[in-house]
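Structural overview
What follows is the residue order along each chain.
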Amino acid sequence: MYRTHSSDRLSAGLRYRYAWCLLLIVAGCGGGSPESPPVEPPQTPAPTPPTTTARFEVTGTNLTSGQSLSRLAVVAHGPGYEMFTIGEPATLGLESLAEGGGTADLLGEADAESSVLATASGDLPFDPGASSTLSFTIETLDTDLRLSLATMLENTNDGFAGVRDIVIGDMDAGAIRKIYAVAYDAGTEADTETADTVPGPAVGGGGFNPTRDDQADRVSMHAGVISDDAGLPTSALDAEHRFDNPVLLVAIVRLE
């Protein structure tokens, strides 16, 4: 009987280890099961941007006892537009409204401004105690959206009521904002109160005249109607056409 030499046993052990390592190498090189392809994570759809369209309604209520008010001129705008500035000359559009009650020139000026988003005009003049309502839509609402408004006191030479730069972009749907408006003098026509220069229903005189004969030529607070009763002999107006401030209540509602 032959005996196995210890070196033979060592050689057999080395051969066994070599074979085992070779088997592992082969398995690592592709002998195992193929890997599964990576799974793509589910795609989350992009959120739908919220709508920014907003619709507003503006109502003016005549607070005077004897002054009819012309059609409303309303401008929705961002910073940079000024319908009027106290102490500065009126634009031609504002002069046209303050002397004759027309809104076309004033709103035309506004439409030419890059910061103006919408303009609207009332349908008719409105008498003491009556109201006028109009609406407009903003396609892209910004929190800095503002509103300016003007209307002529028709039984004056160049008096108008107005508000400017009223922030409305922060209003939620259904919200209402109220502002009282005072009377201003456009500074474009002398306050003679004569029958040929006052266009209102009291006398039915002339309206807008581009010649400026008021020496001030700047927007200021209106001093009020004097009238023939108070000693202005040229005046075709009487005591009922006088007014105190405020002369107009402006109510702004965001409808949607």
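For the structure, see preceding data.
Residues numbered from 1 in each chain as written. Predicted model: local features only at pLDDT ≥ 70, side-chain atom pairs only at ≥ 80, totals over all residues. Heavy atoms only, no water.

Within the largest apolar cluster, 34 residues are counted, with the highest numbers of intra-cluster contacts made by Phe-56, Phe-136, Leu-149, Ile-168, Leu-248 and Ile-252. Within the residue set of this core, elements represented by two or more residues are strand E1 (54-62), strand E2 (73-77), strand E3 (116-121), strand E4 (131-138), strand E5 (146-152), strand E6 (159-167), strand E7 (176-185) and strand E9 (248-254). Residues in contact with Ile-252, not counting those within four places in the same chain, are Phe-56, Glu-57, Leu-147, Ile-166, Ile-168, Met-171, Ala-175, Ile-176, Arg-177 and Ile-179. Core analysis: the second largest hydrophobic core is formed by 19 residues, Ala-73, Leu-94, Ala-110 and Val-219 among them. (Core = buried A, V, L, I, M, F, W, Y, C linked by side-chain atoms within 4.5 Å. Buried < 20%, exposed > 50% of the residue type's maximum accessible area, 1.4 Å probe, protein only. Helix = DSSP H or I, 4+ residues; strand = E, 2+ residues; numbered from the N terminus. Contact = heavy atoms within 4.5 Å.)

Here the focus is the packing of helix H2 (residues 92-100) against helix H3 (residues 104-111). In contact at an axis separation of 7 Å, H2 and H3 are set at 155° when each is read in the N-to-C sense. Comparing their axes, H3 and H2 come out roughly antiparallel. Considering the relative orientation of H2 and H3, their crossing is left-handed. Every residue of H3 that contacts H2 at Leu-92, Gly-93, Leu-94, Ser-96 and Leu-97 is listed here: Asp-105, Leu-106 and Glu-109. Considered class by class, the residues forming the contact of H2 with H3 number 4 nonpolar, 2 polar and 2 charged. (Axes fitted to C-alpha atoms, helices over the stretch in contact; angles between N-to-C directions. Parallel < 35°, antiparallel > 145°, perpendicular 65-115°, else oblique. Left-handed = near helix turned anticlockwise from the far one by under 90°. Nonpolar A, V, L, I, M, F, W, Y, C, P; charged D, E, K, R; others polar.)

Turning our eyes to something else, we now look at the pairing of E2. E2 sits mainly inside the fold: 5 of its 5 residues count as buried. Of the two faces of E2, the one lined by Ala-73, Val-75 and His-77 and the one lined by Val-74 and Ala-76 are each fully buried. As paired strands, E2 and E3 are joined by 5 bridges and run antiparallel to one another. Looking at E3, one finds that Ala-73 is bridged to Ser-121. (Pairing = 2+ DSSP bridges.)

Moving on, we get to the pattern of salt bridges. Tallied over the full model, the rule gives 6 salt bridges. Here Glu-95 and Arg-212 are joined by a salt bridge, their closest N and O atoms 3.0 Å apart. Remark: Arg-212 occurs in the loop between E7 and strand E8 (220-221) and Glu-95 occurs in helix H2; sequence separation between them is 117 residues. A residue is classified by how much of its surface remains accessible, and Glu-95, at 1% relative accessible area, is buried. Of the residues examined, Arg-212 reaches a relative accessible area of 29% and is grouped as partly exposed. Where Arg-212 meets Asp-217, a salt bridge forms, and the shortest distance between an N and an O atom there is 2.9 Å. Residue classification places Asp-217 among the partly exposed residues on the basis of a relative accessible area of 27%. Salt bridges sharing common partners tie together Glu-95, Arg-212 and Asp-217. (Salt bridge = Lys/Arg side-chain N within 4 Å of Asp/Glu carboxyl O.)

Keep in mind these values describe shape, not function.
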